[in-house]
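# Residue-level structure breakdown
Below are the chains, spelled out letter by letter.
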Amino acid sequence: MTGSTTQSPGLLNWLTLALLGLIWGASFMSISVALDGAGPLSVAAIRLIIAAVTLLAVAFAMGLRLPPFKQRKLWLCIIGMGLFTNAVPFTLLSLAIQNVPSAFAGLTMAAVPLLVLPLAHFLVPGEAMTRIKTAGFALGFTGVLVLIGVTDLFSGDGAGWSRLACIGAAFCYAIGSIITRNAPPVHPLAYSAGGLLVGALIMLPVALGLEGLPGAMTGTVWGALIYLGLGPTALATILLVRVIQSAGPSFMSLVNYQVPVWSVIFGVTFLNETLPANFVIALTLILGGLAISQASQRRLGRYPSA
């Protein structure tokens, strides 16, 4: 990936960071709205198709092209990103939000940078688990256990496995972050466009084979799908690249504190969702662990779009 030097962020980067938090935070509510008229696999496939077409058009307009296939290691990373940052987590979240509040799904995304830590310990040179990272991970993971409610996982109402699916999506994003961190140098937009294309090519036949063509959908459902494709999946990637290149990845990591809060605000305000009484405790533990673990750590990879 193209390197960047950390500079003074400036007002524009702060505003862009706030906008990214808002865009990603609203994505979980949008998934819930889209599910009113489309199946979970179709939601994942349609948003990927819209995002892939959009980002490829932007990349080509900038004179960028997809890397040649002879760069096998790079394409293995792009395929890995297409799976673990796009196809699989988008599907897991769409399946899960059928049974759990969208705000809950958004809260679990705060665990992504925590789950990166043990993976990076084994897979990224120079990123061993220090005492402070271990302490942060332990505190944050305790919050994850509180959030999913271990004793309720086998309640039989679908909520238990859906909570696990949300954590599974967060784990996929962590894997995708490691893959991106280890990818050979390439322009971030070309890399992201390739990953979205791979994700779309994977999910389109799966959605058609298992759910068929979507039926008639309302304008609200289409609006949610278009937002998912253009906002948190395509536009956010462009904004993310700009912030990382001008202010650095450490500054970009601050978005992790915003997304869960916005997901709760949107879910509770617009969808009248209710959250478990322990969510405040869980979120405090997760964000506290995140703050401790990042105290001496550079941000790995990109924050995943949800």
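For the structure itself, look to the data block above.
To start, this report covers the structure provided alongside it. Computed from a predicted structure; not experimentally measured.

Criteria and thresholds
- Residues numbered from 1 in each chain as written.
- Predicted model: local features only at pLDDT ≥ 70, side-chain atom pairs only at ≥ 80, totals over all residues.
- Heavy atoms only, no water.
- Helix = DSSP H or I, 4+ residues; strand = E, 2+ residues; numbered from the N terminus.
- Buried < 20%, exposed > 50% of the residue type's maximum accessible area, 1.4 Å probe, protein only.
- Phe/Tyr/Trp six-rings, centres within 6.5 Å; stacked < 30°, edge-to-face > 60°.
- Lys NZ or Arg CZ within 6 Å of the ring centre and 35° of its normal.
- Axes fitted to C-alpha atoms, helices over the stretch in contact; angles between N-to-C directions.
- Parallel < 35°, antiparallel > 145°, perpendicular 65-115°, else oblique.
- Left-handed = near helix turned anticlockwise from the far one by under 90°.
- Contact = heavy atoms within 4.5 Å.
- Nonpolar A, V, L, I, M, F, W, Y, C, P; charged D, E, K, R; others polar.
- Salt bridge = Lys/Arg side-chain N within 4 Å of Asp/Glu carboxyl O.
- Expected span 1.5 Å × (residues − 1).
- Arc of directions from axis to C-beta.

## Description of unusual backbone geometry
Of note, the phi angle at Asn 272 is positive, near 55°, even though the residue is not glycine. Relative to the helices and strands, Asn 272 resides in the loop between helix H11 (259–270) and helix H12 (279–293). Judged by its relative accessible area of 64%, Asn 272 falls in the exposed class.

## Here's the deal with the packing of aromatic side chains
What the rule picks out here adds up to four aromatic pairs. Aromatic side chains Phe 137 and Phe 141 sit 5.6 Å apart centroid to centroid with 20° between the ring planes, which places their arrangement in the stacked category. Of this pair, Phe 137 and Phe 141 both sit in helix H6 (residues 131–148), four residues apart, roughly one helical turn. Each residue in the set Trp 262, Phe 266 and Phe 270 is aromatic and connected to the rest through ring pairs, giving one cluster. For Arg 47, the ring lying beneath its charged end belongs to Phe 90, and the centroid distance is 3.7 Å. We note Arg 65 situated over the ring of Phe 60; from NZ or CZ to the ring centre the distance is 4.8 Å.

## Focus on the packing of helix H3 (residues 72–96) against helix H8 (residues 188–211)
When two helices pack together, their arrangement is given by the angle between the helix axes and by the axis-to-axis distance. Where H3 contacts H8, the axes come no closer than 7 Å and their chain directions differ by 55°. Overall, the two elements H3 and H8 adopt an arrangement that is oblique. The interaxial crossing formed by H3 with H8 has right-handed handedness. In contact with Leu 74, Trp 75, Cys 77, Ile 78, Ile 79, Met 81, Gly 82, Leu 83, Asn 86, Ala 87 and Thr 91 of H3, H8 contributes Tyr 191, Ser 192, Gly 194, Gly 195, Leu 196, Val 198, Gly 199, Ile 202 and Met 203.

## Things to note about the packing of H6 against H12
Remark: H6 packs on H12, axes separated minimally by 7 Å, with the N-to-C direction vectors making an angle of 165°. Relative to H12, H6 is oriented roughly antiparallel. When you trace H6 past H12, the crossing you get is left-handed. On H12, the residues touching Ile 132, Lys 133, Gly 136, Leu 139, Gly 140, Thr 142, Gly 143, Val 144, Val 146 and Leu 147 of H6 are Phe 279, Ala 282, Leu 285, Ile 286, Gly 288, Gly 289, Ile 292 and Ser 293. Its residues assigned to classes, the contact of H6 with H12 comprises ten nonpolar, seven polar and one charged.

## Comments concerning the side chain of Ser 32
Residue placement: Ser 32 occurs in helix H1 (residues 10–34). Take Ser 32: its relative accessible area is 19%, and that puts it in the buried class. Discounting chain neighbours no more than four positions away, the residues touching Ser 32 are Ile 97, Ser 102, Leu 271 and Glu 273.

## Regarding the environment of Ile 281
Along the chain, the position of Ile 281 falls in helix H12. Using a relative accessible area of 52% as the deciding quantity, one classes Ile 281 as exposed. Distance from Ile 281 to Gly 143, taken between C-alpha atoms, is 7.3 Å for residues 138 residues apart in sequence.

## Some words on the pattern of salt bridges
Tallied over the entire structure, the rule returns one salt bridge. Two residues, Glu 127 and Lys 133, come together in a salt bridge whose shortest N-O distance is 3.1 Å. The same class applies to Glu 127 and to Lys 133, which are both buried.

## Considering H6
Three or four residues apart is the spacing at which side chains of an α-helix point the same way, because the helix has 3.6 residues per turn. With 18 residues, H6 should reach 26 Å at 1.5 Å per residue; the first-to-last C-alpha distance of 26 Å fits that figure. Of the residues making up H6, those classed as buried are Lys 133, Gly 136, Gly 140, Gly 143, Val 144, Leu 147 and Ile 148. Buried residues of H6, viewed axially, fall in a sector of 125°; they line one side. On its buried face, H6 sits against helix H4 (102–108), helix H5 (112–123), helix H7 (159–181) and H12. One or two residues past the end of H6 sits Gly 149, with phi positive at roughly 65°.

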